[in-house]
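Understanding the architecture of this molecule
Residue strings, one per chain:
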Amino acid sequence: MSFPRYPSYKPSGVEWLGEVPEHWVVGPIKRLIQKVESGTSVNASDEPAEGGKLGVLKTSCVYTGTFDPNENKTVVDEDIGRVSCPLKAGTLIVSRMNTPELIGAAGLVTQTRDNLYLPDRLWQVSFSNADPHFVHYWTLTSLYRGQVKAVCTGTSSSMKNLGQDQFGVFSFAAPPVAEQSAIAEFLDRETGKIDALVAEQRRLMELLKEKRQAVISHAVTQGLPPEASAKVGLNPKAPMKDSGIEWLGKVPKHWKAVQVKHLAKPGKKTFTDGDWIEAPYLTDEGVRLIQTGNVGIGFYKEQGYRYVSEETFEKLNCTEFQPGDVLICRLDGPVGRACLAPDLGVRMITSVDNAILKCTDHVMPEYVVAILSSVPWISWIDALCRVDGGFRLRISRSQLGEIRVPLPPHEEQLAIVAHLKSVTASFDTLTAEAQRAIDLLQERRTALISAAVTGQIDVRT
């Protein structure tokens, strides 16, 4: 859909803003600000405020570009008398101290909540002669983000500060208040449509993920579907038996039940934990350290780059693993998930909460990863870890090694792995298409907001 432009424009006087509608007024945002309030630093528990208790907002309440009142903490009793700046409707909450990506993040308050207060890292901005809803849309544009980035200061690269005086001089193009409200209503309507389409694509991605997991789970616990079995010369009607495995039901009669530790090849450190690497040992190059966050459910995911030196590797007698080995995470996220070790072109070690499994010759690592990505396995490990309680779910390597898994003959493992590669590739293609659609929709949303709040399109009708 295309929208008309205003009948006439004028230079804004601001290089990065360009022309604005002739009747709009460009100036510093402070001329429309009634007051800026800040809260107080108080001690609070991690639990959200409920049942009439007083709460203090977290800075994360504006991280998504909207305001989430549920992001709060309960103020401890001895600090109740110190809270300040109660939450009021019709104001803008702005993060004045945060990371470079989140400094200046803002959210619109639509409902007064007498039990919620601000911390010292958030502002509550009230306006006169401006619709706060329109101003909030302005904070979602690259024009606003650019001004924040240009002035924010800080003593480190990880934390920045935004001063009230700096915020107040940001250039703001203001139509009449009634027109601001009309533009905000238009954007509510149009972004709502876009958000609904994005939600549909995300639901599709979740369904594809569930279907993908179901296909994997069926293949590695019950064998190939009949049509796939017939294609590779397997018996599509193979008799079933009780697996004798705690977390599994029936499996094909000719399959074995094998303890995880017995999937490893003979030798030293073929089923072992990674290494305990403390922060002082970390470097920017050398032997790559793979951490628990790198292990996804059936896939390796890149996030962050950490290394140890060759000297540290030798000093700590670290365990090196090879591309194609299986990494099994013993921590929550969920517990028991696994991936194939990637080929990163460097020597690799892993953190102590990842187990390394070097498979014996008759066991395919890809099959092991598939079985450790199945829904029954993940559910069983989760339930097993919750038996004894505890704050963080974890399983020991010895306990992990005792659990039995189904193991078909090697040639059938080959067939299952080939089948899963083919089928999951189609799911991955559809998922990638859905993600591309989301990216395009979000780009459209951002462009629409920017065009509307800078007067590049006329949405009054």
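The shown structure was predicted, so the numbers you read here are calculated from the model rather than taken from an experiment.

**Re the overall build of the protein**
A count of helices and strands for the protein gives 10 helices and 26 strands. Taking 461 residues into account, the globule formula puts the C-alpha radius of gyration at 23 Å, and the protein, at 28 Å, lies well above it. Each of the 461 residues in the protein was classed as buried or not, and the buried ones make up 47%. Partitioning the intrachain contacts of the protein with sequence separation of at least 6 by distance along the chain shows that 75% fall at a separation of at least 24.

**Observations regarding the environment of Gly81**
Tracing the chain through its elements places Gly81 in the loop between strand E6 (72-74) and strand E7 (86-87). You can call Gly81 exposed: its relative accessible area is 77%. A sequence separation of 39 residues divides Gly81 from Val42, and the C-alpha atoms of the two residues are 9.7 Å apart.

**Considerations on helix H2 (residues 142-151)**
Residues of H2 that are buried include every one of Leu143, Tyr144, Gln147 and Val148, and no others. Down the axis of H2, the sector holding all buried residues measures 140°, keeping them to one side. When the buried face of H2 is taken as reference, the exposed residues oriented beyond 90 degrees from it are Ser142, Lys149 and Ala150. Those residues of H2 hidden inside the fold are in contact with strand E8 (91-95), helix H1 (132-138), helix H3 (164-168) and strand E14 (171-174).

**As for the packing of helix H4 (residues 177-222) against helix H10 (residues 410-453)**
Helices that pack against each other are described as a pair by the angle of their axes relative to one another and the distance between those axes. At their nearest, the axes of H4 and H10 sit 10 Å apart, and the two run at 170° to each other. By the criterion of interaxial angle, the relationship of H4 to H10 is roughly antiparallel. Grouping the amino acids of the contact of H4 with H10 by side-chain chemistry returns 26 nonpolar, six polar and eight charged.

**Digging into the pattern of salt bridges**
Under the definition given, this model contains 17 salt bridges. Notably, a salt bridge pairs Arg212 with Asp428, separated by 3.0 Å at the nearest N-O pair. With Arg212 in helix H4 and Asp428 in helix H10, this pair connects stretches of sequence that are 216 residues apart. According to the relative accessible area criterion, Asp428 is partly exposed, its value standing at 36%. Notably, a salt bridge pairs Arg460 with Asp458, separated by 2.8 Å at the nearest N-O pair. Beyond isolated ion pairs, a larger network of salt bridges with shared partners links Asp273, Arg330, Asp353, Arg394 and Arg397.

**Details of the sheet that holds strand E11 (residues 113-117)**
Reading across from one edge, E6-E5-E11-E7 is the order of the four strands in this open sheet, with mixed pairing throughout. Each end of this open sheet is capped by a strand with a single partner; those strands are E6 and E7. One ladder, built from two bridges, connects strand E5 (residues 55-57) with E11; its direction is parallel. Directly across from Val56, in E11, lies its bridge partner Tyr117.

**Quick word on the sheet that holds strand E18 (residues 271-273)**
Either a parallel or an antiparallel arrangement is found when strands of a sheet pair, and the pairing is made through backbone hydrogen bonds. Here four strands make up an open sheet; going across it, the order is E18-E25-E22-E23 and the pairing antiparallel. A single partner strand is all that each edge strand has here, and the edge strands are E18 and strand E23 (338-340). Strand-to-strand, the axes of this sheet are offset by a mean angle of 25°, without reference to chain direction. Of the pairings in the sheet, the one linking strand E22 (residues 326-329) to E23 comprises three bridges and is antiparallel in character. Of the residues in E23, the one forming a bridge with Val326 is Leu340.

**As for the state of the cysteines**
Applying the stated criterion across every chain, the model contains zero disulfides. A disulfide-free cysteine, Cys85 has its sulfur positioned 11 Å from the sulfur of Cys61, the nearest such atom. Here Cys359 stays unpaired: no disulfide links it, and the sulfur of Cys339, its closest cysteine neighbor, is 12 Å away. Of the residues examined, Cys359 reaches a relative accessible area of 11% and is grouped as buried.

**Topic: the packing of aromatic side chains**
Two descriptors summarise a pair of aromatic rings, namely the distance from one centre to the other and the angle between the planes of the rings. Evaluation of the coordinates by the stated rule reveals 10 aromatic pairs. With a centroid separation of 5.2 Å and 90° between ring planes, the pair formed by Phe3 and Phe186 is classed as edge-to-face. Here Phe3 is found in the segment before strand E1 (9-11), whereas its partner Phe186 is found in helix H4, with 183 residues between them in sequence. Using a relative accessible area of 4% as the deciding quantity, one classes Phe186 as buried. Judged by centre distance (5.9 Å) and plane angle (75°), the rings of Tyr6 and Trp24 are edge-to-face. Taken as a pair, Tyr6 in the segment before E1 and Trp24 in the loop between strand E2 (19-21) and strand E3 (25-28) lie far apart in primary sequence, 18 residues in all. Look at Tyr6 and you get buried, because its relative accessible area is 4%. Above the plane of the ring of Tyr9 lies Arg5, whose end atom (NZ or CZ) is 4.2 Å from the centre.

**Describing the nonpolar core**
Formed by 49 residues in total, the largest nonpolar core has its most connected members in Ile29, Phe167 and Leu187. Breaking this core down by element, the ones donating at least two residues are E8, strand E10 (106-109), strand E12 (122-127), H1, H2, E14, H4 and H10. Of the residues forming this core, the biggest block, eight residues, is contributed by H10.

**Focus: the side chain of Ser243**
As for its placement among the helices and strands, Ser243 is situated in the loop between strand E15 (240-242) and strand E16 (250-252). Within the local environment of Ser243, its side chain forms a polar contact with the backbone oxygen of Gly249, the two atoms lying 2.6 Å apart.

**Details of the side chain of Thr91**
With respect to the element layout, Thr91 can be found in strand E8. Its relative accessible area of 2% is what places Thr91 among the buried residues. Sequence-distant contacts of Thr91, defined by excluding residues within four places in its chain, comprise Gly107, Leu108, Val109, Gln124, Val125 and Ser126.

About the criteria used
- Residues numbered from 1 in each chain as written.
- Predicted model: local features only at pLDDT ≥ 70, side-chain atom pairs only at ≥ 80, totals over all residues.
- Heavy atoms only, no water.
- Helix = DSSP H or I, 4+ residues; strand = E, 2+ residues; numbered from the N terminus.
- Rg over C-alpha atoms; globule rule 2.2 N^0.38 Å.
- Buried < 20%, exposed > 50% of the residue type's maximum accessible area, 1.4 Å probe, protein only.
- Contact = heavy atoms within 4.5 Å.
- Arc of directions from axis to C-beta.
- Axes fitted to C-alpha atoms, helices over the stretch in contact; angles between N-to-C directions.
- Parallel < 35°, antiparallel > 145°, perpendicular 65-115°, else oblique.
- Nonpolar A, V, L, I, M, F, W, Y, C, P; charged D, E, K, R; others polar.
- Salt bridge = Lys/Arg side-chain N within 4 Å of Asp/Glu carboxyl O.
- Pairing = 2+ DSSP bridges.
- Disulfide = S-S within 2.5 Å.
- Phe/Tyr/Trp six-rings, centres within 6.5 Å; stacked < 30°, edge-to-face > 60°.
- Lys NZ or Arg CZ within 6 Å of the ring centre and 35° of its normal.
- Core = buried A, V, L, I, M, F, W, Y, C linked by side-chain atoms within 4.5 Å.
- Polar contact = N/O pair within 3.5 Å; in protein donor to acceptor, adjacent residues only side chain to side chain.

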